[in-house]
Amino acid sequence: MSTNKKYTGFEVAIVGMSCRVPGANNWQQFWDNLLNGVEAFRFLSDEEMRQMGVSEEIIASDSFVRAVPDFTDKEYFDAPFFDYTPDEARVLGPQNRILHECVWEAFEDAGYIPDETKGLVGLYNSGSDDLNWRIYAKLTNQEQYVSDFILKHISDKDYLPPLVSYKLNMKGASMNLTTACSSSLTGIHLACRALIFGEVNMAAAAGIFVNSSKYFGYPYEEGSIMSKDGHCKAFDKDASGTTVGEGAAVLVLKRLVDAMKDGDHIYAIIKGSAVNNDGKRKIGLTAPSVEGQSECLKLAQRFAKVNPDSIDFIETHGTGTSLGDTIEIAALNNAFKGIEKKIPLGSVKTNIGHLDTAAGAAGVIKAALSLKYKTLPPSLHFKEANPLVGFNDGPFYVNDKVSQLAKKDGEALRAGVSSLGVGGTNVHAILEEAPSQELAEENPINLFTLSAKTKKSLRRYINKLSAFVQDNECINWSNAAHTFQVGRKHFDQRLPIVFKSKEELVQKLEEATKRDNIVSCLAETKNIVWMFPGQGAQYVNMGKDLYEQEEVFKQEIDKGLALLKEITNVDFKQILYPTGEATHNINETRYAQPLIYLFEYALAKLVSSYGIKVDCVTGHSIGEYVAATLSGIFKFEDALKLLVKRGQLVYDLPEGDMLSVVLRQEEAEKYTAYGVDLATVNGPQQCVFAGEEEKIEALMVKLKADNVDFVKLHTSHAGHSYMLDPILETFEQEVQKITLGAPTIPFVSNLTGTYITQEQASTTKYWVNHLRNAVLFSK
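As the structure is a prediction and not an experimental result, all values here were calculated from the model.

Enquirer: I'm lost on the packing of aromatic side chains in this one. Help?
Expert: For any pair of aromatic rings, the description rests on two quantities: the centre-to-centre distance and the angle between the ring planes. Tallied over the entire structure, the rule returns 29 aromatic pairs. The cationic tip of Arg 90 hangs over the ring face of Tyr 145; the distance from NZ or CZ to the ring centre is 5.3 Å. One residue, Lys 453, lies across the ring of Phe 81, its end atom 4.8 Å from the ring centre.

Encoded structure:
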């Protein structure tokens, strides 16, 4: 249960959505149409009817209504994207095709990749039976392009959810739900319950209804639910029924507490929902019931723990039938009895028609967007109330214009959404506006990682993104960049774009569309290895721009600097980022070793925050301590304390020299006879000797005589040599104070040049040998 008194702990967040409805291929277009009062229907001309093969008798009929939803492109499908063969795609139903795409788009909108998401991801879908397509698919497959067994599974609505779950590797519950017109809101209700009880960690609730036959209208019959003029005029005196729409709507849901913890964008909250059935409390199976609907409304309010007077608008079922509208308002009046404030109503069916099994989900999307933008779109075609509808008996009225939503005293806006199924299954959900979310400050430089499966797809993607960027002002581009990096599947065809401003992003997107070759193709997935350098790479003000601009990097550096100050009583920040003249020399071993470690660790954490996952780590000398920490052998604090001690022990030793030479390892080993040690083997012909100053000087004379190139390194001590022997026992005692873990990320050892074993990494002796013995980095 939530400890926040504002929430019960049973709230569910809407974190992603997608839709394909008449007049709109995404929720942004859908919302624009709603605000602009668009009725997404068209009326066919005589010529269009003839082209569709309609008989002259029907064309001449005054009772035939030619209204068809403006729903396009349902014949297209990107089969290779979902790994379907051409033969399978040929018999895959339109509902199946569109559901695949809309579920994918909804998860992209949420910023999640289903098969890379931790926990179980469920799918609760409602699809309508498509007998026409099943017959067509059977006839098309007479040559057995696919087996009858496979044919049934990819052309039948009952297999819609498991098919999508299989293709997207979603491992939570996957089910098809049927409660007639209330199906998709029933699916949302069950998805919320599954999240609340921990059956799934994330869920997609979807509804889809698509006509596969040539749809050219319908014959009007007195008393049917279909409108006589092709318009749904919910609650109006001239209302005569609804119209047939087509479409799909998908919502991605998470528990509110999880969504807030994970920093998800939240459209709205589902406070609670309820489902019931009318039973026999009505005149017939297909008739609605005042008692049943009213009880469902009250049950949802009780579960959500909200008072009726806290609800600010209702997205009704609103079919425009005389009986349905009358009973729905009577039920609302009963459930909101005694409420004094006026509550507006709307019906999305006036815009897009009745989406059958997808109707409830479409209503939730409209309500969620209304809460998000604090704006209520108009319900269309309402001029005068149906006198049979009891608006005078309750607080409700039809909202017929764009209205702003606002509340006093910071109270949250709330909405109710109803969906009523033929057969009596009633569903009601109560939504609340999302909690305010703090937007992180934008980074001065951002990276968009764009990708697609083909070059053509990537080009289309870039064009769409360019239009989106130009049309939107209030976007946090750093947040968007983060989503592209960690919330999108990365495909072979890729385009990275680095930009400092919206204007530069627009310019680079436009330039990309004009180039013939806009992508870099990765033929296969490459492993990512992080390599951490050792002593000698440090310098004053290293990473200062990152420290000033990247919060993750700054937090890690500050954490380490505070610990160093506590351990040594020295202000290491003045060594790394001096405000005036540096008081200490960063090249002194006692300062260099802990600062190199801290800098590289912070850099690794920053790169991790970008979503880059590492497959293997390795480091050179001090750098291996960073690799070991990331792998889980050291805790950050333990490693930093150990390196402070290590650096001080080395610093207190007599000074020595190191000499880099151009020799193979076997050639270099011959020169150790001159009293020096082979300290590192960095490459096939690059080695380093270490020892006392006079011995290194003598070696230089010999090398010069042998015509061997060498460079004396700028070091104060002879690392990885016999000169460290006096401190080995003391250092071993320091390592023994630390609990060493087991490697969780593979890393390559300096001592062996191969992957370290758990036995090696967790023994004190390994880290003593690591200090003393040669670094075999070339391996």
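Enquirer: What is the right way to look at helix 5 (residues 94-110) in this model?
Expert: Spanning 17 residues, helix 5 covers 24 Å between terminal C-alpha atoms, matching the ideal 24 Å at 1.5 Å per step. Of all 17 residues making up helix 5, 14 are buried, and the element is well covered by its neighbours.

Enquirer: Please explain helix 15 (residues 455-471) as it appears in this structure.
Expert: Residue pairs spaced three or four apart in an α-helix point in one direction, given the helix's 3.6 residues per turn. The first and last C-alpha atoms of helix 15 sit 25 Å apart over 17 residues, in line with the 24 Å expected at 1.5 Å per residue. Listing the buried residues of helix 15 in full gives Ser 457, Leu 458, Ile 462, Leu 465, Ser 466 and Val 469.

Enquirer: Would you explain the sheet that holds strand 27 (residues 747-748) in this entry?
Expert: In a beta sheet, neighbouring strands pair by backbone hydrogen bonds and run either parallel or antiparallel. With parallel pairing, 3 strands are arranged side by side in an open sheet as 21-22-27. Among the strands making up the open sheet, the edge pair consists of strand 21 (529-532) and strand 27. Sheet topology places strand 21 next to strand 22 (residues 616-619); 4 bridges connect them, and they run parallel. When the bridges of strand 22 are listed, Val 529 appears paired with Cys 616. Packed onto the sheet, helix 22 (residues 622-631) meets strand 21, strand 22 and strand 27 and runs at close to 155° relative to strand 22.

Enquirer: Please explain the sheet that holds strand 14 (residues 396-398) as it appears in this structure.
Expert: Ordered in space as 6-5-7-9-1-10-17-16-11-12-14, the 11 strands form an open sheet in which the pairing is mixed. Taken across any chain shown, the strands that pair with only one partner, and hence form the sheet edges, are strand 6 (174-176) and strand 14. Looking at each pair of strands side by side, their axes are set apart by 25° on average, direction ignored. Two strands pair when backbone bridges link them, and strand 1 (residues 12-20) and strand 9 (residues 247-255) are joined in this way by 8 bridges, in the antiparallel orientation. Across the sheet, Ala 13 pairs through a bridge with Lys 254, a residue of strand 9.

Enquirer: Please explain the environment of Thr 579 as it appears in this structure.
Expert: Looking at where Thr 579 falls in the secondary structure, it is placed in the loop between helix 20 (572-576) and helix 21 (589-609). Taking C-alpha positions, Thr 579 is 70 Å from Ala 234, a pair spaced 345 residues apart along the chain.

Enquirer: Looking at this model, I keep getting lost on a nonpolar patch on the surface. Mind explaining?
Expert: Together, Leu 131, Ile 135 and Leu 139 line one region of the surface with nonpolar side chains, adding up to about 290 Å² of accessible area. Relative to the elements of secondary structure, Leu 139 occurs in helix 6 (residues 131-140). A relative accessible area of 52% places Leu 139 in the exposed class.

Parameters and conventions
- Residues numbered from 1 in each chain as written.
- Predicted model: local features only at pLDDT ≥ 70, side-chain atom pairs only at ≥ 80, totals over all residues.
- Heavy atoms only, no water.
- Phe/Tyr/Trp six-rings, centres within 6.5 Å; stacked < 30°, edge-to-face > 60°.
- Lys NZ or Arg CZ within 6 Å of the ring centre and 35° of its normal.
- Helix = DSSP H or I, 4+ residues; strand = E, 2+ residues; numbered from the N terminus.
- Expected span 1.5 Å × (residues − 1).
- Buried < 20%, exposed > 50% of the residue type's maximum accessible area, 1.4 Å probe, protein only.
- Pairing = 2+ DSSP bridges.
- Contact = heavy atoms within 4.5 Å.
- Axes fitted to C-alpha atoms, helices over the stretch in contact; angles between N-to-C directions.
- Patch = residues over 30% accessible without salt bridge, like charges linked within 9 Å, V, L, I, M, F, W, Y side chains within 5 Å.
- Areas by Shrake-Rupley, 256 points an atom, 1.4 Å probe, with all protein chains shown as cover.
- Salt bridge = Lys/Arg side-chain N within 4 Å of Asp/Glu carboxyl O.

From the geometry alone we can't say anything about function, so treat these as descriptive.
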